[in-house]
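# Chain and residue survey
Okay, here's what each chain looks like letter by letter:
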Amino acid sequence: MVGTIAALLMSAGASLPAANLAAAELPKVFEAACLDGEAKLAPGSAAQISFDALPGALQQSLGRPASGQVWRLNGPGRAFLYLLTYEPSPNNNPRICGLASDEMDYTPAADAVELRVTGAVRPRATRTIEWLSLEGGYNALATTTGDFKVLQVNWLSDEQRAAARRALQPVVP
């Protein structure tokens, strides 16, 4: 579906400002890049880096992808946008897209994703929240790892999607 994040981000769509991004803008960047596939990075708004250049806690939480692309976004603190692919296996999502920031305000960011994915914001009791979109073929999550607040989309394999559909069969018509 999407070959590389460069193709994703350089496609026609919303243009991200060249100046430093404000922390409050990061959920919009995540939505444009990971949910819409229509973000366009303006020159100077990000620099491509290697996966190994990510902070250790973030690298560890993302495992060992087979390939991917990572950008450090210009703005407050440390913020990264990534699209990673993994070797196919029953337990791996084949592709993930996410944004991690040590300055992003977690609650408004999680609320923005929940509103986008579900159409409503509900009270939550846990720090990590996950939403399944069978129609979209992904699960979205908001969580923390180390100093980072993370918004991420895990694209489901065909097998994972079928298993989720079977598990929800009695619930979803």
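The notes below deal with the structure included here. Note that the structure is a prediction, hence the values are computed from the model and not measured.

### Quick look at the sheet that holds strand β8 (residues 138-145)
Pairing in this open sheet of 7 strands is antiparallel, and the strands run β3-β4-β5-β6-β9-β8-β7 from one edge to the other. Strands at the two margins of the open sheet, each flanked by one partner only, are β3 (46-49) and β7 (129-133). Each neighbouring strand pair of the sheet contributes to a mean axis angle of 15°, computed without reference to strand direction.

### Quick notes on the pairing of strand β9 (residues 148-155)
On a regular strand, one side chain projects to one face of the sheet and the next to the other, so that they alternate. Where burial is concerned, most of β9 is hidden: 8 out of the 8 residues are buried. Of the two faces of β9, the one lined by F148, V150, Q152 and N154 and the one lined by K149, L151, V153 and W155 are each fully buried. Summarising the sheet, strand β6 (residues 95-101) and β9 pair through 7 bridges and their orientation is antiparallel. In the sheet register, S101 faces β9, and the bridge partner there is K149.

### Some thoughts on the state of the cysteines
By the definition in use, this model includes 1 disulfide. The residue that forms a disulfide with C34 is C97, at a sulfur-sulfur distance of 2.1 Å. For the disulfide bridge between C34 and C97, the dihedral angle about the S-S bond is near -70°, and by the sign convention the bridge is left-handed. With C34 in helix α2 (residues 26-36) and C97 in strand β6, this residue pair connects regions lying 63 residues apart in the sequence. Overall, the relative accessible area of 3% leaves C34 in the buried class.

### Comments concerning the packing of aromatic side chains
Under the defined criterion, the tally for this structure stands at 2 aromatic pairs. For the pair F80 and F148, a centre-to-centre distance of 6.0 Å together with 55° between the ring planes defines the contact as tilted. With F80 in strand β5 (residues 79-85) and F148 in strand β9, the pair connects residues that are 68 residues apart, well separated along the chain. Accessibility classification places F80 together with F148 in one group, the buried group. With centroids separated by 5.2 Å and ring planes inclined at 70°, the aromatic side chains of Y138 and W155 adopt a geometry described as edge-to-face. Here Y138 is found in strand β8, whereas its partner W155 is found in strand β9, with 17 residues between them in sequence. Each member of the pair Y138 and W155 is classed as buried.

### Brief notes about the layout of surface pockets
Within this model, the largest pocket holds a volume of roughly 200 Å³. Of all elements in the fold, only α3 (56-62), β8 and β9 reach the threshold of two or more residues within the lining of the largest pocket. Among the residues making up the lining of the largest pocket, the classes are represented as 7 nonpolar, 7 polar and no charged.

Cut-off values and rules
- Residues numbered from 1 in each chain as written.
- Predicted model: local features only at pLDDT ≥ 70, side-chain atom pairs only at ≥ 80, totals over all residues.
- Heavy atoms only, no water.
- Pairing = 2+ DSSP bridges.
- Helix = DSSP H or I, 4+ residues; strand = E, 2+ residues; numbered from the N terminus.
- Axes fitted to C-alpha atoms, helices over the stretch in contact; angles between N-to-C directions.
- Buried < 20%, exposed > 50% of the residue type's maximum accessible area, 1.4 Å probe, protein only.
- Disulfide = S-S within 2.5 Å.
- Phe/Tyr/Trp six-rings, centres within 6.5 Å; stacked < 30°, edge-to-face > 60°.
- 1 Å grid on protein atoms, 1.4 Å probe; cavity = no way out; pocket = protein on both sides within 12 Å on 5 of 7 lines; lining within 4 Å.
- Points joined across faces, edges and corners; volume = space filled by probe spheres on them.
- Nonpolar A, V, L, I, M, F, W, Y, C, P; charged D, E, K, R; others polar.

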